[in-house]
Amino acid sequence: MMKPLFIVIEGIDGSGKSTFTKNLRELLITFNRTTVCFAEPTSYDSGIYIRRFLKGEVMLSKKEQIDAFLVDRENSVQKNILPNLKQNIDVILDRYYYSTCAYQASDEFDAKSILNLNLKKNFPSPDILFFLDISPEQALERTKTRNSEKEIFDSIEKQKQIYSEFKKILPGSTNFLDASLSQDSIIDEAKKILIKFL
Ligand code: ADP
């Protein structure tokens, strides 16, 4: 029996994560793998609460934000990720704890300390971590054409800060993909990495 893969996709808003997640699933299907996609925040109540905060409907302190993500991640791990891996189904996850580190980093809690809080929870670590690497300017340009509601982290200054926080905490094993390329080229690069694990 093949080992199921836990694949995490990280990147700033507009880097192409949700598009890549779908394309990666298609790719895995061509390798006869059964694959399921999830995102964080989840669609459980804990994730809906976070989305309300992201839309500016709920105010949360930095500590409350970090705690809300930890609670939602517990649901993500226990209800989405682990049950599928146990059934030998690959899991592709759009955003994980590296996003919490990058987005919630502040003078009060730096990215590294947020990472440590997550690691202490013993959440499963990804088998493959992809970072869709693109400049904040180009990513923001892409989201402008997207028809979605504005979120509190949408400004270019904030996106630049988030990008630099990601670069501080992503582990050495991260697979950086040039997300300024076409989705076809990105998938070609991902395929070269993926086949080493199949
Ligand atoms: P994210 O999930 O990271 O916020 P999306 O997958 O929603 O990003 O992509 C943001 C926008 O950019 C969408 O309109 C999408 O169709 C487009 N897009 C995604 N990947 C690419 C790419 N490689 N080249 C050009 N446009 C892209």
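Residues numbered from 1 in each chain as written. Predicted model: local features only at pLDDT ≥ 70, side-chain atom pairs only at ≥ 80, totals over all residues. Heavy atoms only, no water.

(A) Here's a closer look at the packing of helix H3 (residues 62-86) against helix H5 (residues 111-120). In contact at an axis separation of 11 Å, H3 and H5 are set at 30° when each is read in the N-to-C sense. Classified by the angle between their axes, H3 and H5 sit roughly parallel to one another. The way H3 lies across H5 gives a crossing that is right-handed. Between H3 and H5, the contacting residues are Ile66, Leu70 and Arg73 on the first element and Ile114, Leu117 and Asn118 on the second. Of the residues contributing to the contact of H3 with H5, the split by class is four nonpolar, one polar and one charged. (Axes fitted to C-alpha atoms, helices over the stretch in contact; angles between N-to-C directions. Helix = DSSP H or I, 4+ residues; strand = E, 2+ residues; numbered from the N terminus. Parallel < 35°, antiparallel > 145°, perpendicular 65-115°, else oblique. Left-handed = near helix turned anticlockwise from the far one by under 90°. Contact = heavy atoms within 4.5 Å. Nonpolar A, V, L, I, M, F, W, Y, C, P; charged D, E, K, R; others polar.)

(B) Here's a closer look at the pairing of strand E4 (residues 128-133). Of all six residues in E4, six are buried, a share of seventy percent or more. Residues Ile128, Phe130 and Leu132 point to one face of E4 and Leu129, Phe131 and Asp133 to the other, with burial holding for every one of them. Sheet analysis places strand E1 (residues 6-10) next to E4, joined by four bridges and oriented parallel. Looking across to E4, one finds that Val8 is bridged to Leu129. With four bridges joining them, E4 and strand E5 (residues 175-178) adopt parallel strand pairing. Opposite Leu132, over in E5, you have Leu177 as the bridge partner. (Buried < 20%, exposed > 50% of the residue type's maximum accessible area, 1.4 Å probe, protein only. Pairing = 2+ DSSP bridges.)

(C) Broad picture of empty space enclosed by the protein. Within this structure, the stated rule accounts for one cavity of 30 Å³ or more. In this model, the largest cavity occupies a volume close to 30 Å³. At the level of elements, H3 and helix H4 (97-104) are the ones that each hand at least two residues to the lining of the largest cavity. Residues belonging to the lining of the largest cavity are distributed by class as follows: three nonpolar, two polar and three charged. (1 Å grid on protein atoms, 1.4 Å probe; cavity = no way out; pocket = protein on both sides within 12 Å on 5 of 7 lines; lining within 4 Å. Points joined across faces, edges and corners; volume = space filled by probe spheres on them.)

(D) Just the side chain of Thr42, in detail. Tracing the backbone shows Thr42 in the loop between strand E2 (35-39) and helix H2 (45-54). Engagement of the side chain of Thr42 in a polar contact is seen with the backbone nitrogen of Tyr44, the distance being 3.1 Å. At a separation of 2.5 Å, a polar atom in the side chain of Thr42 contacts the side chain of Asp72. (Polar contact = N/O pair within 3.5 Å; in protein donor to acceptor, adjacent residues only side chain to side chain.)

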